[in-house]
Amino acid sequence: MASRGVFYVVTLALFIAGLLLIIYQHLTFQIPVFPGKKSEVWTVEAKIEFEPSANTAATIDFAIPAIQPNFTQLKQNTSSLGYGTSYIQKQGANYIQWTKRNPIGLQTLYYRADFLYDANANNSSMTVPEIEESVEGEPYATAMDEINDAAYSKSSNPYSYAVQVINEINKKSETTSLLLSKYTKSDLVVKILNRASIPARVVTVLELEDGRRNRSLKNMVAVFDNTSYELYDTTTGNSGINSNQLIWTNHGSSLLDVQGGTNARVSFSILKNSVATSEAGMLLASVEKASGSDIVSLSIDSLPIEEQSVFKTILLLPIGVLIVVFLRIIIGIKTSGTFMPVLISMAFLQTSLVVGLIGFISIVCIGLIVRSWLSYLNLLLIARISAVIITVIAIIGCISVLTYKIGLTEGIKVTFFPMIILSWTIERMSILWEEEGYKEVLVQGGGSLFVAVCAYLAMNSLIIQHITFNFLGLQLIILSLVLIMGNYTGFRLSELKRFKPLAVQIKENLNGDNTEIEAKTLNQKIKDLKNNPQATLKKWQEEQNQNNAKNGKEDK
Amino acid sequence: MSVLNFLSNLKNRYANPWQLQSFGIMGMNQRNVNFISRFNQRKLFPLVDNKLKTKKIAIEHKVKTPNLIGVVENQQDVKNIISILKGSKAFCIKPSRGSGGKGILVITHAEHEHFIKGSGQVMSTHDVQRHLSNILAGLFSLGGKPDIALIEDLIHFDHVFDGYSYEGVPDTRVIVFEGFPVMSMMRLSTQASDGKANLHQGAVGVGICIRTGRAVRAVQHNEPVKYHPDTEKDLATLKVPHWTEVLTLASSCYNMSGLGYIGTDIVLDERFGPMLLELNARPGLAIQTANNAGLLPRLKLILALPNRHSMSISQKVQFSMQHFGVFNS
Ligand SMILES: Nc1ncnc2c1ncn2[C@@H]1O[C@H](COP(=O)(O)OP(=O)(O)O)[C@@H](O)[C@H]1O
Ligand SMILES: [Mg+2]
């Protein structure tokens, strides 16, 4: 068979082409075949609340984080109903400015930003502050000098000087309690250092902890030695910044300015995401691209982030298809609808597995109940399927609203289910129920779910995601595998079980007048026929003539 | 230890694929790739999925089928049903694209607008018309597609099979490969199968020897049985009469449909002998269990025949009877 030969050549060519493409990408772009360790991306949300003054326009300036070591900002956005937003610079510091003509009632504004923890990032936008000439009145000036004297004698450079100042302040004495009644601790440290001609400034820091809400910023003191600086914690005197501390303001200016409002307050919530390092690298590359420095030029990476995520789901689809083909052809699992399980598993990717399973099962069950009622009405197919679609949409709507009301925000995600596909599934299962009974429905429904979960697990795996996103050659390999499986003529795993009783019977019993297993007799005949067609056919013809003659005699 | 247990458990529940292969048992993938998609052209499928089309080509090729009384295609025909029936006394109404016996209405006696069903129940003209409307609306066809109804003569089933089947009438399934009858089985309905002849619902499958028409063995739910579970009849005594005629009829379905690998369903009428009831382009694999033999060696022997395309129907039937027999006489 020539076509079969061509088929194998094409399949092999696809496989090799895919493999070569992967190797090429691996070698030229240095993309690792396996995802490296994970990176952390912190999502920080600042919530600003204030009460607007009556009949005035409101302008809110909120300081946003500047460039700093250890963190790279990936993206930022705001949400604030009816406000104009702009990013502005005030005295060299970055602010977001919200404006509204006439706000009424308690106002809530959100600023959200993603930060990638990146130990290699070491740029900083912090500037050396000017030393304020202090005109301190008595008895404070004397008290400060006292601390300066103590610190000076015990230190060797600006940094150790700062540590000593903090230590002195933290000692409970009359001097310190006098000073602390006038200044906050961090302001005091800055003032005292300035008196000693050491540049210093108060910066605010957010401690990043996963899943925290209602957090506020913490003051720290930045102490400068020429252009380099160190951060100090004024309560402990510890120096340096921890990997989970994000500098929010690195300038002396205010965090929040509200014009046209009162009782303003800021709180922060924090969320940590772990992403594969390669993915983080891609995010980073796209940020750098946005800022004009083109370092990577790989096909998918060059797309904007949002388009990338769409593209990624498309790239994952063949993985799901491969799993379905494998489970159906090699294992022999029955599913309802050929690729319905893949679409369900795509929905699982959006909803997370547990929510997805609960959502799917409840939608299908309710749908089946409604559909069984519809079948009493003897509707035509199109009307019936439309009714089921509307029912499915209603069920999805109810589930998302109900769960949201109860406080399960996850419930809203059931809207990710492919509604048309679900409706057809319900239709098909209900026909199956009528024709074959509930057992078959359980077998096929369970089979579909099992396949969907398998496909989900594969598509959700970090390694598989990494490979599919980075190596387009994989798609060719998947294609060749699917082609090969489409030509698999061996037994399905389920058939090994199905034919077990038959195998036992054939082995133990001969049929009728047979003296050996039929397959043996026939295989011998095939061999004879192939080796010597003419003679064998002649022999058979003679046998037949004899038989006919014999039967003819018997008939008479 | 538990590993050994697991392995022996696996061995008890799953067959060894190489053994299955040596017995020539055909699996689903094998059937789909090497037989259905190779020998059955896609465009010919509607011929067998639509009973009206099957009937038309059967008449064209002089293949015996129950006589077609009329066709009901629209509501107008439903109203005119009495004139379409042309005074027939016994007939059968079925959806053209139905399956599994759904929507089949058997009328054994019609008189003065009273219709007596096979079960003895009496129907009015109005009841029959409603049934026809349901068929047209697609209530019985696959996926609920609109359909048409066929009305054909009632088959008067041959009494040789009395007692072999519970309620329903047995039909004979013959697998035909390029005109050669390859394997055959009879499906007997049981109480468990609800009078339907579907093996997976609990009907009994009886393998039939191609040479003689005698029962080879019987299985229910994949396990061998000796007696019919409801009627207690000894299934080994079953023998299909007019056997050569049955095979000839089955074989002629290849020329008629052009499909290389088909299942033909044949019934025996006491007046007209074997008649074709329907064709199936995707015949199932359970026939192997009923015959205690694999399909593949038989199919391969036919494929190895160099002159198979030039053989006549009777030569093909002779060949099959010579080589695929289980009993010598
Ligand atoms: N003309 C007929 N006369 C009597 N019974 C019939 C007739 N046609 C069909 N039947 C009964 O209906 C059953 C199913 O018919 P069939 O044509 O095979 O339709 P299906 O595709 O639904 O299986 C047959 O096994 C037989 O018992
Ligand atoms: Mg049938």
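Predicted model only: the values in this text are computed from it and were never measured.

Draft legend 1. Representation of the overall build of chain A within the structure. Along the backbone of chain A there are 18 helices and 12 strands. A burial count over chain A gives 42% of its 556 residues as buried.

Draft legend 2. Expanded view of the overall build of chain B. Tallying secondary structure elements over chain B gives 12 helices and 13 strands in all. Computed over the C-alpha atoms, the radius of gyration of chain B is 21 Å, within 12% of the 20 Å expected from 2.2 N^0.38 for a compact globule of 329 residues. Seen through its C-alpha atoms, chain B measures out along the principal axes to roughly 70 × 50 × 40 Å. Counting all 329 residues of chain B, 56% fall into the buried class. Taking as baseline every contact in chain B between residues at least 6 positions apart, the subset at least 24 positions apart corresponds to 62%. In the form shown here, chain B has an accessible surface area of approximately 14200 Å², with 53% of it arising from carbon and sulfur atoms. Taken as two groups, the 36 positive and 25 negative side-chain charges of chain B have centres that lie 10 Å from each other.

Draft legend 3. Highlighting the packing of helix α9 (residues 353-374) of chain A against helix α11 (residues 419-436) of chain A. Residue and element names in this part refer to chain A. Direction vectors running N to C along α9 and α11 enclose 55°, while the axes themselves pass 9 Å from each other. Relative to α11, the element α9 is oriented oblique. The chirality of how α9 crosses α11 is right-handed. Note on element contacts: α11 touches α9 through Leu 422, Ile 426, Glu 427, Met 429, Ser 430, Ile 431, Trp 433 and Glu 434, opposite Phe 360, Ile 363, Val 364, Gly 367, Leu 368 and Arg 371.

Draft legend 4. Just the confidence of the model for chain B, in detail. Per-chain confidence: chain B averages 90 in pLDDT, with 99% of residues scoring 70 or above. Prediction confidence for the complex, expressed as pTM and ipTM, is 0.72 and 0.90 respectively.

Draft legend 5. Broad picture of the sheet that holds strand β5 (residues 122-124) of chain B. All names here are of chain B. Reading across the sheet, the 6 strands line up as β1-β6-β2-β3-β4-β5 and stay open at both edges, with antiparallel pairing between neighbours. The open sheet is flanked by β1 (68-72) and β5, the only strands paired with a single partner. Each adjacent strand pair in this sheet contributes to an overall mean axis angle of 30°, direction not counted. The pairing of β1 with strand β6 (residues 149-153) spans 4 bridges and is antiparallel. Counterpart to Val 71 in the pairing with β6 is Leu 150. Contacting β1, β2 (91-95), β3 (105-111), β4 (114-117), β5 and β6, helix α8 (residues 125-136) runs over the sheet at an angle of about 80° to β5.

Draft legend 6. A look at the interface of chain B and chain A. Taken together, the 60 residues of chain B in the interface contact 50 residues of chain A. Buried area between chain B and chain A, both sides added, is near 4800 Å², and the carbon and sulfur share of it is 57%. Per-residue buried area on chain B facing chain A is highest for Phe23(B), Asn29(B) and Asn292(B); these three make up 13% of the total on that side. Taken together, chain B and chain A are joined by 1 salt bridge. Between Arg298(B) and Glu518(A) there is a salt bridge whose closest N-O contact spans 2.6 Å.

Draft legend 7. Geometry of a nonpolar patch on the surface. Residue and element names in this part refer to chain A. A surface patch of nonpolar side chains, amounting to about 710 Å² of accessible area, comprises Leu 12, Phe 15, Ile 16, Leu 19, Leu 20, Ile 23, Leu 27 and Leu 481. Top contributing element to the nonpolar patch by residue count: helix α1 (residues 2-29), with 7 residues. Take Ile 16: it is sitting in helix α1. The exposure class of Ile 16 is partly exposed, given its relative accessible area of 41%.

Draft legend 8. Broad picture of the sheet that holds strand β11 (residues 256-259) of chain A. Residues and elements named next belong to chain A. Read across the open sheet, the 4 strands follow the order β4-β5-β2-β11; overall the sheet is antiparallel. The sheet is open, and its two borders are formed by β4 (84-90) and β11, each paired with just one other strand. Taking each pair of neighbouring strands and ignoring which way they run, the sheet shows an average axis angle of 20°. Note that strand β2 (residues 58-63) and strand β5 (residues 93-100) share 6 bridges and pair antiparallel. Within β5, the residue paired with Ala 58 across the bridge is Lys 100.

Draft legend 9. Focus on α8(B). Residue and element names in this part refer to chain B. Spanning 12 residues, α8 covers 17 Å between terminal C-alpha atoms, matching the ideal 16 Å at 1.5 Å per step. For α8, the full list of buried residues reads Thr 125, Val 128, Gln 129, His 131, Leu 132, Asn 134, Ile 135 and Leu 136. Following α8 by one or two positions, Gly 138 adopts a phi angle in the positive range, close to 90°.

Draft legend 10. Geometry of empty space enclosed by the protein. With the rule as written, the count across this model stands at 7 cavities of 30 Å³ or more. In this model, the largest cavity occupies a volume close to 100 Å³. Elements supplying a minimum of two residues to the lining of the largest cavity: α5 (51-60), β6 and β13 (273-280) of chain B. The residue makeup of the lining of the largest cavity, split by class, is 7 nonpolar, 2 polar and 5 charged. In this structure, the second largest cavity encloses a volume near 80 Å³. Taken together, 13 residues line the second largest cavity, and the ones lying closest to its centre are Ile506(A), Asn511(A), Ile517(A), Glu518(A) and Asn292(B). Classifying every residue of the lining of the second largest cavity by side-chain character gives 6 nonpolar, 5 polar and 2 charged.

Draft legend 11. Examining helix α8 (residues 340-351) of chain A more closely. Residue and element names in this part refer to chain A. For α8, with 12 residues, the first-to-last C-alpha span of 17 Å sits near the 16 Å given by 1.5 Å per residue. Across the 12 residues of α8, 9 count as buried, placing the element largely inside the fold. Those residues of α8 that fall on the buried side of the exposure criterion are Met 340, Pro 341, Val 342, Ile 344, Ser 345, Met 346, Ala 347, Phe 348 and Thr 351. Of the residues trailing α8, Ser 352 is marked for its positive phi of about 75°.

Draft legend 12. Expanded view of the packing of aromatic side chains. For the coordinates displayed, the defined rule picks out 22 aromatic pairs over all chains. Plain terms: the ring middles of Phe35(B) and Tyr261(B) are 5.7 Å apart, the flat faces sit at 40° to each other, and that makes the pair tilted. Of this pair, Phe35(B) sits in helix α3 (residues 28-39) while Tyr261(B) is found in strand β12 (residues 261-269), placing the two residues 226 residues apart along the sequence. Each member of the pair, Phe35(B) as well as Tyr261(B), is classed as buried. The rings of Phe62(A), Trp98(A), Tyr111(A), Trp248(A) and Phe268(A) are connected pair by pair, giving a single aromatic cluster. In this structure, Arg214(B) is placed above the aromatic ring of Phe327(B), and the distance from its NZ or CZ to the ring centre is 3.9 Å.

Draft legend 13. Looking closely at the site of ligand 1. Residues and elements named next belong to chain B. Around ligand 1 lies a shell of 17 residues, among which Lys 51, Lys 94, Gly 101, Glu 152 and Glu 278 are the nearest. Side-chain polar atom of Glu 152 to a nitrogen atom of ligand 1: 2.9 Å apart, as the coordinates give it. Contact between ligand 1 and Asp 153: a nitrogen atom at 3.0 Å from a main-chain N or O atom of the residue. Coverage of ligand 1 by the protein amounts to 87% of the 550 Å² it exposes when considered alone. For the shell around ligand 1, the elements supplying multiple residues, two or more each, are β2, β6 and β13. Looking at the shell around ligand 1 residue by residue, the classes come out as 8 nonpolar, 4 polar and 5 charged. Taken domain by domain, the shell around ligand 1 gets at least three of its residues from each of domain 1 (3-48 + 159-323) and domain 2 (67-153).

Conventions and cut-offs
Residues numbered from 1 in each chain as written. Chains lettered and ligands numbered in written order. Predicted model: local features only at pLDDT ≥ 70, side-chain atom pairs only at ≥ 80, totals over all residues. Heavy atoms only, no water. Helix = DSSP H or I, 4+ residues; strand = E, 2+ residues; numbered from the N terminus. Buried < 20%, exposed > 50% of the residue type's maximum accessible area, 1.4 Å probe, protein only. Rg over C-alpha atoms; globule rule 2.2 N^0.38 Å. Contact = heavy atoms within 4.5 Å. Areas by Shrake-Rupley, 256 points an atom, 1.4 Å probe, with all protein chains shown as cover. Lys, Arg positive; Asp, Glu negative; His and termini not counted. Charge placed at Lys NZ, Arg CZ, Asp CG, Glu CD. Axes fitted to C-alpha atoms, helices over the stretch in contact; angles between N-to-C directions. Parallel < 35°, antiparallel > 145°, perpendicular 65-115°, else oblique. Left-handed = near helix turned anticlockwise from the far one by under 90°. pLDDT = per-residue confidence, 0-100. Pairing = 2+ DSSP bridges. Buried area = accessible area lost by both parts, 1.4 Å probe. Salt bridge = Lys/Arg side-chain N within 4 Å of Asp/Glu carboxyl O. Patch = residues over 30% accessible without salt bridge, like charges linked within 9 Å, V, L, I, M, F, W, Y side chains within 5 Å. Expected span 1.5 Å × (residues − 1). 1 Å grid on protein atoms, 1.4 Å probe; cavity = no way out; pocket = protein on both sides within 12 Å on 5 of 7 lines; lining within 4 Å. Points joined across faces, edges and corners; volume = space filled by probe spheres on them. Nonpolar A, V, L, I, M, F, W, Y, C, P; charged D, E, K, R; others polar. Phe/Tyr/Trp six-rings, centres within 6.5 Å; stacked < 30°, edge-to-face > 60°. Lys NZ or Arg CZ within 6 Å of the ring centre and 35° of its normal. Near = heavy atom within 4 Å. Polar contact = N/O pair within 3.5 Å; in protein donor to acceptor, adjacent residues only side chain to side chain. Domains from an automatic or database assignment.

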